[in-house]
Amino acid sequence: MRVPRFVGLMAVDAREAAAARGVLLAAPDRPDFHRAVVDYVVRQYPPPGVEVPLGAVVTVWFEFREGEGGGGAGVREPRVPRPGGGGLERELDRPKDPLAGDHPMTAVTG
């Protein structure tokens, strides 16, 4: 089944849509999610349209309530150097030649 779009729905509607489509919702920013009614979903993962098995968990996040947030995220400085990308972009050391004299298995002892 494909993940429905929950972004823009109120909590009560998101729960109903999830039940109708056979997915479960998790809301890490709302421990009282089962009672939330008019909070709007502002983000979800996996995104809409992604193929998932029946009963999969979709995580949703909600807008800030009165008194939450406030924009105090702190200072954001660029991180230098940036972490490597890994995968195909990762640079590996050249492997040592096992037949070269610097290999422990090929060292000649007298």
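What comes next concerns the included structure.

What counts, and at which threshold
- Residues numbered from 1 in each chain as written.
- Predicted model: local features only at pLDDT ≥ 70, side-chain atom pairs only at ≥ 80, totals over all residues.
- Heavy atoms only, no water.
- Helix = DSSP H or I, 4+ residues; strand = E, 2+ residues; numbered from the N terminus.
- Buried < 20%, exposed > 50% of the residue type's maximum accessible area, 1.4 Å probe, protein only.
- Contact = heavy atoms within 4.5 Å.
- Areas by Shrake-Rupley, 256 points an atom, 1.4 Å probe, with all protein chains shown as cover.
- Pairing = 2+ DSSP bridges.
- Axes fitted to C-alpha atoms, helices over the stretch in contact; angles between N-to-C directions.
- Core = buried A, V, L, I, M, F, W, Y, C linked by side-chain atoms within 4.5 Å.
- Phe/Tyr/Trp six-rings, centres within 6.5 Å; stacked < 30°, edge-to-face > 60°.
- Lys NZ or Arg CZ within 6 Å of the ring centre and 35° of its normal.
- Salt bridge = Lys/Arg side-chain N within 4 Å of Asp/Glu carboxyl O.
- Polar contact = N/O pair within 3.5 Å; in protein donor to acceptor, adjacent residues only side chain to side chain.

### Quick notes on the overall build of the protein chain
Part 1: Scanning the protein chain from N- to C-terminus turns up one helix and three strands.
Part 2: Helices and strands in the protein chain line up, N terminus first, as α-β-β-β.
Part 3: Burial status across the protein chain gives 21% buried among its 110 residues.
Part 4: The contacts in the protein chain between residues at least 6 apart in sequence include a share of 62% that link residues at least 24 apart.
Part 5: Of the roughly 8,900 Å² of accessible surface on the protein chain, a fraction of 56% belongs to carbon and sulfur atoms.

### Let's talk about the sheet that holds strand 1 (residues 24–26)
Part 1: The sheet built from three strands is open, its strands ordered 1-3-2 with mixed pairing. In the strand order of this sheet, the two ends are held by strand 1 and strand 2 (41–45), each with one partner. Within this sheet the neighbouring strands show an average axis-to-axis angle of 35 degrees, counted without direction.
Part 2: As defined by bridge partners, strand 1 adjoins strand 3 (residues 57–62) across three bridges and the pair is classed as parallel.

### Let's talk about the nonpolar core
Part 1: Within the largest apolar cluster, 16 residues are counted, with the highest numbers of intra-cluster contacts made by Phe-6, Leu-25, Val-58, Val-60 and Phe-62.
Part 2: Every element with two or more residues in this core is listed here: helix 1 (11–21) and strand 3.
Part 3: Sequence-distant contacts of Val-58, that is, excluding residues within four places in its chain, are made with Val-3, Phe-6, Val-23, Leu-24, Leu-25, Ala-26, Gln-44, Tyr-45 and Pro-46.

### Focus on the packing of aromatic side chains
Part 1: The full count for this structure, using the stated rule, is one aromatic pair.
Part 2: A ring pair is formed by Phe-33 and Phe-62, whose centres lie 5.6 Å apart and whose planes are at 40 degrees; its orientation type is tilted. You can see Phe-33 sitting in the loop between strand 1 and strand 2 and its partner Phe-62 sitting in strand 3, a full 29 residues away along the chain.
Part 3: Overall, the relative accessible area of 5% leaves Phe-62 in the buried class.
Part 4: Over the aromatic face of Phe-33 sits the side chain of Arg-15, whose NZ or CZ is 5.3 Å from the ring centroid.
Part 5: The ring centre of Trp-61 lies 4.0 Å from the NZ or CZ of Arg-43, which sits over that ring.

### With respect to the pattern of salt bridges
Part 1: The tally for this structure, following the rule as stated, stands at two salt bridges.
Part 2: In this structure, the salt-bridge partner of Asp-39 is Arg-30, at a minimum N-O distance of 3.3 Å.
Part 3: A relative accessible area of 12% means that Asp-39 is categorised as buried.
Part 4: What makes Arg-30 buried here is its relative accessible area of 4%.

### Digging into the side chain of Asp-39
Part 1: Along the polypeptide, Asp-39 turns up in the loop between strand 1 and strand 2.
Part 2: Separated by 3.3 Å, the side chains of Asp-39 and Arg-30 make a polar contact.

### Re the pairing of strand 3
Part 1: Inspection of the sheet shows strand 2 paired to strand 3 by four bridges, in the antiparallel sense. From the neighbouring strand, Tyr-45 faces strand 3, where its bridge partner is Thr-59.

By themselves these figures say nothing about function.
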